[in-house]
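# A closer look at the structure
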Amino acid sequence: MTLSACGDTLPFPTPGGQDLVVVTQTGPLTYSADEAGAATGLEHDLTRLLAEELGVAVRHEVIEPGEIGDRLNGRGYHLAAAWLSPAADTGIESTPPLFSTHDILAQHEASLPLQSLDQLSGKTVHVLAGTRQAATMQRLAQEIPELTVEVVDQGDILDLLEALGEQKVSYVAMDGHLEELANQYVPSLRSTLKLSEAAPIVWWLGKSPNPELRARVTAFIEKVRQDGTLNRLKERYFGHVRRLKQADVEKFLGQIRTTLPALRKHFQEAERQTGIDWRLIAALAYQESHWDPFATSYTNVRGLMMLTEETADRLGVGNRLDARESIIGGARYLNILRDGLADVPEPDRTWLALAGYNIGPGHLNAARTIARQLKADADAWYDMKRVLPLLARPQYYSRLKSGRARGGEAVIMTENIRSYYDILSRNEPPLSAADQAPRLSRPPM
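Ranked by size, the top nonpolar core spans 65 residues in total, and within it Phe267, Trp291, Leu304, Met305, Leu388 and Leu391 carry the most contacts. Those residues in contact with Leu304, other than ones at most four positions away along the chain, are Leu263, Phe267, Ala285, Glu288, Ser289, Trp291, Asp292, Pro293, Arg320, Ala323, Ser326 and Ile327. Counting residues in each nonpolar core, the second largest holds 45 residues, with Leu29, Val56, Leu158 and Leu205 among its members.

Turning next to unusual backbone geometry. Of note, the amide linkage connecting Glu346 to Pro347 takes the cis form, showing an omega dihedral of 5°. The topology assignment puts Pro347 in the loop between α12 (323-339) and α13 (348-359). Despite not being glycine, His290 has its phi angle at roughly 55°, a positive value. Looking at the element boundaries, His290 is found in the loop between α10 (278-289) and α11 (309-315).

Moving on to the side chain of Lys385. Looking at the element boundaries, Lys385 is found in helix α15 (residues 381-387). There is a polar contact of 2.3 Å between the side chain of Lys385 and the side chain of Glu415. Apart from residues lying up to four places away in sequence, Lys385 is in contact with Glu235, Gly239, Val411 and Glu415.

This part covers the packing of α13 against helix α17 (residues 407-427). It is at 9 Å that the axes of α13 and α17 come closest, and there the two elements cross at 130°. Taken together, the axis directions place α13 and α17 in an arrangement best described as oblique. The two elements α13 and α17 cross, and the hand of that crossing is right-handed. Judged by residue contacts, Trp351, Leu354, Ala355, Asn358 and Ile359 of α13 engage Glu409, Ala410, Met413, Thr414, Ile417 and Arg418 from α17. A class-by-class count of the residues in the contact of α13 with α17 yields 7 nonpolar, 2 polar and 2 charged.

Conventions we followed
Residues numbered from 1 in each chain as written. Predicted model: local features only at pLDDT ≥ 70, side-chain atom pairs only at ≥ 80, totals over all residues. Heavy atoms only, no water. Core = buried A, V, L, I, M, F, W, Y, C linked by side-chain atoms within 4.5 Å. Buried < 20%, exposed > 50% of the residue type's maximum accessible area, 1.4 Å probe, protein only. Contact = heavy atoms within 4.5 Å. Helix = DSSP H or I, 4+ residues; strand = E, 2+ residues; numbered from the N terminus. Polar contact = N/O pair within 3.5 Å; in protein donor to acceptor, adjacent residues only side chain to side chain. Axes fitted to C-alpha atoms, helices over the stretch in contact; angles between N-to-C directions. Parallel < 35°, antiparallel > 145°, perpendicular 65-115°, else oblique. Left-handed = near helix turned anticlockwise from the far one by under 90°. Nonpolar A, V, L, I, M, F, W, Y, C, P; charged D, E, K, R; others polar.

Here's what the structure looks like:
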């Protein structure tokens, strides 16, 4: 990434005056927008928090891969947040580091694993334009004979990795932070070779940043590093991706092809009735029964959504083994649980409701009481996933009217659903705008 000049410095952001202008790029680590246009992403959320700290609105300008240098040349902005490392030899100032990362080589599991950089000789490595990996590979190409670097300027890194999974390309350079997330979409991906040393992730402030803004941003980064905000955001977006194993992902992808088509219409009808994204309902159903309409547990919860007899009666589900009835009943029950958490902001509201689906609202409320006693945030999934397992410990459940519960299982179940939902969102389209009822806010992946 090279820059030849810096854009004009914008005035310091002020309420009702100058918005905080952030240049960014789409990607799993930075910024994405769902089908309704709602923006999410780790760096999106961080810059939104910065704007709140400054008391101003934030405006994100999303640019294409490889265009960040041109965008920052001669035009106004306050900062660039696009999973960037310091811009060497350009005079561009940057913030203190937010994270640390390194570049790795991804390859298909069917290929012989590369163990050293000299084995890249004669190989072709694909990289996304404008990324740190592109600069890394161009540097290595000068050192390693017959190494070819193919720069891709369309799509995102997950598109490139899917091409790797289909063996359309042989090697892809990627950010190490993406490895576990990418394995959810491309279970055949393997990485055995580190391409670079650790590098900081920073925001770019330009050649002549506003001194007051530079000081405020620096103080903000120091604050979020120390008060746990950074860790909570990382947990929100990536804390669930370590649960599923390769075999789990491969089996689920197979079920999407073979079993989901017959059930899709029922999940979509459930969305039209409840407003919940049909892919989230399907992810919940897969975790509960692996999409088996006749599933039955030893506790006599039954059907595709594994409803208890009491819950089914309450919801008017006459036959728990009927796929359509079960799906719509389960979606309505999830809505009831979400309504009971009306004061909790998304996405935590949905994750807590999913945990309540597993252990029941009484146990969930008991766990939230424990959280408050421990001075934890009862509205935050980041805190609750550590509190819920305490429901199985006598020193806690013995004092509760609801009694003992397998809270740890509820955490695992919820994290798995989040991963299945990620995969479905990547592989299955949403309902068209004309086909859906007003939908609940989609929790970020």
